[in-house]
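Residue strings, one per chain:
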Amino acid sequence: MSTKTEQLKTQFEFSRGFAVEMDQQDELSHFRDKFWIPPKKDGTPSIYFCGNSLGLQPKSAAACIEQELHDWKELGVEGHLHAKNPWLSYHELLTEPMARVVGAKPIEVVCANTLTTNLHVLMTSFYRPTKERFKILIESDAFPSDRYAVASQVKLHGFDPGEAISVVNPRQGETLIRHEDIEAILEQEGKQTALVLLGGINYYTGQFFDLKRITEAGHRQGCVVGFDLAHAAGNVELSLHNSGADFAAWCSYKYLNAGPGSLAALFVHEKHAHNFDIPRFAGWWGHNKSTRFNMRYDFDPIPGAEGWQHSNPPILSLAAVKASLDIFDMATMPALRRKSVKLTGYLEFLLNKVEDERIRIITPADPDERGCQLSIQMRNTDKRLFEMLSEKGVIADWREPDVVRVAPVPLYNSYQDVFDFAELVKECLGKI
Ligand SMILES: *Cc1c(COP(=O)(O)O)cnc(C)c1O
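Residues numbered from 1 in each chain as written. Predicted model: local features only at pLDDT ≥ 70, side-chain atom pairs only at ≥ 80, totals over all residues. Heavy atoms only, no water.

Enquirer: Looking at this structure, how should I read the side chain of His179?
Expert: Relative to the helices and strands, His179 resides in helix α9 (residues 179–189). One polar contact links the side chain of His179 to the main-chain amide nitrogen of Asp210, over a distance of 2.9 Å. (Helix = DSSP H or I, 4+ residues; strand = E, 2+ residues; numbered from the N terminus. Polar contact = N/O pair within 3.5 Å; in protein donor to acceptor, adjacent residues only side chain to side chain.)

Below, the structure is given as structure tokens:
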């Protein structure tokens with residue numbers, strides 16, 4: 001069943017009683033207890049709608065990290081082989097659960113490095129410009145780090161970012177990007193385009209792109225296609241393998257709840273797994289495991305995503321990723337997404353009921369074209385509404401010039417959170 005039909009079946013009501021009932025019927029409601037919800041000044045839980053920026057701490061994270069501190073204390077270097085979860089292969093514990101989150105095959109995924117670093121690592125391999133084909137296509141309002149990374153890669157290869165970076169913009173008077181406009185640009189400049197690199201979900205508008213459609217449009221022109229999934233991983237159901245995308249990268253601290261700056265992940269499509277001619281930055285952790293400690297061999301990359309690793313990874317950080325992925329395996333992406341469509345649909349319904357000209361949702365109305373985040377444009381209220389909401393215990397974020405992003409996360413947010421938020425919006429607007 002498509003998410004749209006599912007949502008049509010739900011008849012929402014603007015009442016606290018309705019929200020309470022929805023929470024009672026929610027088969028995932030008990031997951032909220034597995035997280036620490038930051039308290040308001042009065043000690044009661046805040047309305048935390050910032051999981052798109054930093055996911056909340058699973059209560060199990062401490063024990064997972066503690067286990068590694070304990071094994072380090074008791075075993076020292078022996079922990080590499082004899083820890084409860086031996087450190088040498090610790091990252092392998094995360095491969096399958098992470099692959100399930102993004103709809104990839106295990107050989108396509110590895111937890112390594114951080115997001116921007118992974119973009120560089122992957123562009124080193126997959127942005128191979130020539131005089132004829134050197135452009136990178138990105139979306140307007142791409143995340144700053146991605147824009148900087150792309151511009152510096154272009155320069156590294158001796159091209160001028162002004163010439164080599166193409167941007168797909170929304171049409172005049174619109175806020176969202178049309179897929180047909182991406183296709184039209186590729187029809188026009190595809191033969192000069194080396195790489196298409198888009199955010200799977202745009203961090204600002206919350207627009208969820210059709211990865212397969214974009215990949216096919218890029219591949220028709222012979223371009224490499226990659227995605228930044230920072231706002232998509234753990235938020236929407238992805239079929240990364242089936243999308244055919246060449247590569248992708250995402251962080252683990254947003255929807256994946258693995259803690260500030262925690263280790264990221266990368267995806268390299270299976271079709272590239274055994275192509276050792278692809279140039280890459282190398283390090284010992286990407287080298288054949290059976291000879292890694294012999295230390296005398298030339299670089300012999302591991303097939304698949306693991307061959308793009310460099311260093312032995314920070315185990316304390318991986319332990320937090322493990323705590324989080326265990327929860328994703330219990331909840332499962334399809335069930336999370338089913339709840340998410342309803343929860344965000346409810347938020348949208350309530351905000352529309354507030355019927356105030358000063359707030360406008362710029363995120364797509366079609367649930368298939370968004371994740372859980374709604375971006376609310378505030379007109380003629382400057383930052384006051386946002387500040388009043390913060391004062392009342394709402395944790396959301398403000399993005400210049402005039403957008404508040406709110407992300408009800410199905411793992412730990414409730415229908416009552418959504419209802420209370422909408423009530424506060426109404427109340428605060430009444431005071432401005
Ligand atoms: C959050 C985010 C980043 C952050 O990059 P780090 O390297 O993890 O600091 C980069 N790109 C996008 C699209 C993001 O949403």
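Enquirer: Please explain the environment of Glu306 as it appears in this structure.
Expert: Assignment of secondary structure puts Glu306 in the loop between β8 (265–268) and α12 (315–331). Using a relative accessible area of 15% as the deciding quantity, one classes Glu306 as buried. For the pair Glu306 and Cys428, spaced 122 residues apart in sequence, the C-alpha separation works out to 51 Å. Among residues more than four places away in sequence, those in contact with Glu306 are His91, Glu92, Val110, Trp285, Gly286 and Lys289. A distance of 2.7 Å separates a polar atom in the side chain of Glu306 from a polar atom in the side chain of His91. (Buried < 20%, exposed > 50% of the residue type's maximum accessible area, 1.4 Å probe, protein only. Contact = heavy atoms within 4.5 Å.)

Enquirer: How should I be thinking about the domain arrangement of the protein chain in this particular structure?
Expert: Quite often, the size of an interface is put as the accessible area lost when its parts meet. Per the domain assignment, the segments making up the protein chain are domain 1 (3–34 + 333–429) and domain 2 (92–329). A straight line from the C-alpha centre of domain 1 to that of domain 2 covers 29 Å. Each side of the interface is counted separately: domain 1 has 27 residues, and domain 2 has 19 residues. Carbon and sulfur atoms supply 60% of the area that domain 1 and domain 2 bury against each other, a total of about 1900 Å² over both sides. Inspection of the domain 1/domain 2 interface yields zero salt bridges. Our enumeration of links across domain 1 and domain 2 arrives at six residue pairs in polar contact (both at pLDDT 80 or more). Of all the secondary structure elements, the ones that give two or more residues to the side of domain 1 that touches domain 2 are α13 (333–354) and β13 (403–406). Broken down by element, the side of domain 1 that touches domain 2 gets its largest block of residues, four residues, from α13. Taken together, the residues of the side of domain 1 that touches domain 2 sort by class into 13 nonpolar, four polar and ten charged. (Domains from an automatic or database assignment. Buried area = accessible area lost by both parts, 1.4 Å probe. Salt bridge = Lys/Arg side-chain N within 4 Å of Asp/Glu carboxyl O. Nonpolar A, V, L, I, M, F, W, Y, C, P; charged D, E, K, R; others polar.)

Enquirer: Any chance you could explain unusual backbone geometry here in plain terms?
Expert: Cis geometry marks the peptide bond from Glu400 to Pro401, where omega comes out at 5°. Within the secondary structure, Pro401 sits in the loop between β12 (397–399) and β13. Not every positive phi belongs to a glycine, and Glu355 is a case in point at roughly 45°. Mapped onto the elements, Glu355 comes out in the loop between α13 and β9 (359–361).

Enquirer: Quick question: what am I supposed to make of the packing of aromatic side chains here?
Expert: Here a ring pair, both rings aromatic, is described through the centre-centre distance and the interplanar angle of the planes. Inspection of every chain in the model, using the stated rule, returns 19 aromatic pairs. On the numbers, 6.3 Å between centres and 85° between planes, the contact of Phe12 with Phe18 is edge-to-face. Taking relative accessible area as the criterion, Phe12 reaches 12% and is therefore assigned buried. By relative accessible area, which is 9% here, Phe18 ends up buried. When the ring of Phe386 is compared with that of Trp398, the centres are 5.9 Å apart and the planes differ by 40°; the resulting orientation is tilted. Note that Phe386 is positioned in helix α14 (residues 384–391) and Trp398 in strand β12, a separation of twelve residues in sequence. Here Phe386 and Trp398 have matching classes, each one buried. Following the ring pairs from residue to residue traces out a cluster consisting of Phe12, Phe18, Tyr346, Phe349 and Tyr415. (Phe/Tyr/Trp six-rings, centres within 6.5 Å; stacked < 30°, edge-to-face > 60°.)

Enquirer: Would you mind showing me how to read a nonpolar patch on the surface here?
Expert: A cluster of nonpolar side chains, namely Leu69, Trp72 and Leu316, defines an oily patch on the protein surface of about 290 Å² accessible area. For Leu69, a relative accessible area of 33% puts it in the partly exposed group. (Patch = residues over 30% accessible without salt bridge, like charges linked within 9 Å, V, L, I, M, F, W, Y side chains within 5 Å. Areas by Shrake-Rupley, 256 points an atom, 1.4 Å probe, with all protein chains shown as cover.)

Enquirer: Is there a simple way to explain the sheet that holds β8 in this structure?
Expert: Whenever strands of a sheet pair, they do so through backbone hydrogen bonds, lying parallel or antiparallel. The seven strands are arranged β2-β8-β7-β6-β5-β3-β4 in an open sheet whose pairing can be described as mixed. Looking at the sheet topology across the chains shown, the edges are occupied by β2 (109–111) and β4 (165–168). In this sheet, neighbouring strand axes are inclined to one another by 20° on average, regardless of whether the strands run parallel or antiparallel. As paired strands, strand β3 (residues 135–139) and strand β5 (residues 193–199) are joined by three bridges and run parallel to one another. The residue bridging Lys135 from the neighbouring strand is Thr193, located in β5. (Pairing = 2+ DSSP bridges. Axes fitted to C-alpha atoms, helices over the stretch in contact; angles between N-to-C directions.)

Enquirer: In this structure, what is going on with the pairing of strand β10 (residues 374–378)? I would like to understand it.
Expert: Both faces of the sheet carry side chains from a regular strand, because those side chains alternate between them. Taking burial as the measure, the five residues of β10 include five buried ones, the bulk of the element. Burial of β10 is two-sided: the residues Leu374, Ile376 and Met378 facing one way and the residues Ser375 and Gln377 facing the other way are all buried. Pairing between β9 and β10: three bridges, direction antiparallel. Looking across to β10, one finds that Arg360 is bridged to Gln377. Where β10 lies against β13, four bridges are found, and the strand directions are antiparallel. What sits directly across from Ser375, in β13, is Arg405.

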